Amino acid sequence: MSGLFITFEGGEGAGKTSALSYIYEVLINKGYDVVQTREPGGIEISEKIREVILNKNHTAMDGRTEALLYAAARRQHLVERVIPALNEGKIVLCDRFVDSSLAYQGYARGLGIDEVFTINQFAIENCMPDATILFELDPKIGLERIAANKGREQNRLDLEKITFHQKVYEAYSMLKKRFPERIHSIDANESQANVQEACLNKVLSFLEDHKK
């Protein structure tokens with residue numbers, strides 16, 4: 001694969017989705033061939049799985065079922081959208097990927113990071129991101145941002161208690177230590193403009209390194 005696969009990670013309300021859209025527009029204007037996508041979703045089958053996972057009425061969903069559904073959506077998204085784009089030399093910017101499953105289901109749900117990683121290794125066949133940007137933000141602030149943003153899509157994970165989101169935050173800190181060469185963190189407490197600029201600078205540095 002000659003393309004570049006960059007993923008955006010973080011807790012709820014960290015601002016990664018807005019930053020990703022901003023970076024996509026900047027790179028397009030600079031003449032880069034870029035694909036903007038998200039997980040779960042990005043293509044029709046995976047979007048349908050997303051509807052099942054995040055439906056606020058599906059509170060009876062078992063943690064393992066949730067993990068398997070995410071992995072299934074991820075597999076289809078990879079083979080249908082991400083891998084073809086990378087093979088064409090494109091830059092793929094993806095809102096969430098395997099790290100989300102490790103943080104949310106592996107650690108916060110208590111299924112085990114290694115156990116959930118094993119499920120996902122079967123799904124992704126070693127197709128890991130070239131670089132990951134982690135938006136670090138106190139989960140309490142993130143949830144306050146969500147509550148204030150009336151236009152944001154509300155989903156089942158937003159209904160979880162603060163302790164769940166704190167575990168997600170802890171998990172990302174653990175993953176940053178586990179994958180230090182891949183995961184690059186930014187302070188998402190800054191203003192939206194500063195966060196987006198910091199994020200853009202990291203992406204541009206990834207692109208420079210990729211050319212070498």
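The rules behind these values
Residues numbered from 1 in each chain as written. Predicted model: local features only at pLDDT ≥ 70, side-chain atom pairs only at ≥ 80, totals over all residues. Heavy atoms only, no water. Axes fitted to C-alpha atoms, helices over the stretch in contact; angles between N-to-C directions. Helix = DSSP H or I, 4+ residues; strand = E, 2+ residues; numbered from the N terminus. Parallel < 35°, antiparallel > 145°, perpendicular 65-115°, else oblique. Left-handed = near helix turned anticlockwise from the far one by under 90°. Contact = heavy atoms within 4.5 Å. Nonpolar A, V, L, I, M, F, W, Y, C, P; charged D, E, K, R; others polar. UniProt positions renumbered as here; feature names shortened; annotations may be inferred. Buried < 20%, exposed > 50% of the residue type's maximum accessible area, 1.4 Å probe, protein only. Arc of directions from axis to C-beta. Polar contact = N/O pair within 3.5 Å; in protein donor to acceptor, adjacent residues only side chain to side chain.

1. Regarding the packing of helix H4 (residues 98–108) against helix H5 (residues 113–124)
Geometry of a packed helix pair, given as the angle between the helix axes and the separation of the axes.
Next up, step 1: Across the interface, H4 lies against H5 with an axial gap of 8 Å and an inter-helix angle of 140°. By the angle class used here, H4 and H5 are oblique. The element H4 and its partner H5 pack so that their crossing is right-handed. Contact residues: Val98, Ser101, Leu102, Gln105, Gly106 and Tyr107 in H4; Ile113, Val116, Phe117 and Asn120 in H5.
Next up, step 2: By residue class, the composition of the contact of H4 with H5 is 6 nonpolar, 4 polar and no charged.

2. Notes on the environment of alanine 123
Next up, step 1: As for its position among the elements, alanine 123 is in helix H5.
Next up, step 2: Between the C-alpha atom of alanine 123 and that of arginine 64, which follows or precedes it by 59 residues, the distance is 15 Å.
Next up, step 3: If sequence neighbours within four positions are ignored, alanine 123 has contacts with Ala71, Arg75 and Leu78.

3. Description of the UniProt feature "binding site: ATP" (unreviewed entry) in the protein chain
Next up, step 1: According to UniProt, the positions carrying the feature "binding site: ATP" (unreviewed entry) are Gly10, Gly11, Glu12, Gly13, Ala14, Gly15, Lys16 and Thr17.
Next up, step 2: Its place among the elements puts glutamate 12 in the loop between strand E1 (4–10) and helix H1 (16–29).
Next up, step 3: Judged by relative accessible area, which is 9%, glutamate 12 ranks as buried.
Next up, step 4: With respect to the helices, strands and loops of the structure, threonine 17 is situated in helix H1.
Next up, step 5: Threonine 17 sits in the partly exposed class, given a relative accessible area of 42%.

4. Brief notes about helix H6 (residues 139–148)
Next up, step 1: Buried within H6 we find Pro139, Gly142 and Ile146. Taken end-on, H6 shows its buried residues confined to a sector of 55°, consistent with a single buried face. With respect to the buried face of H6, the exposed residues turned more than 90 degrees away are Lys140 and Ala148.
Next up, step 2: If you follow the buried residues of H6, they end up packed against helix H7 (162–178).
Next up, step 3: Residue aspartate 138 occupies the N-cap position of H6, its side-chain oxygen lying 2.8 Å from the main-chain nitrogen of lysine 140.

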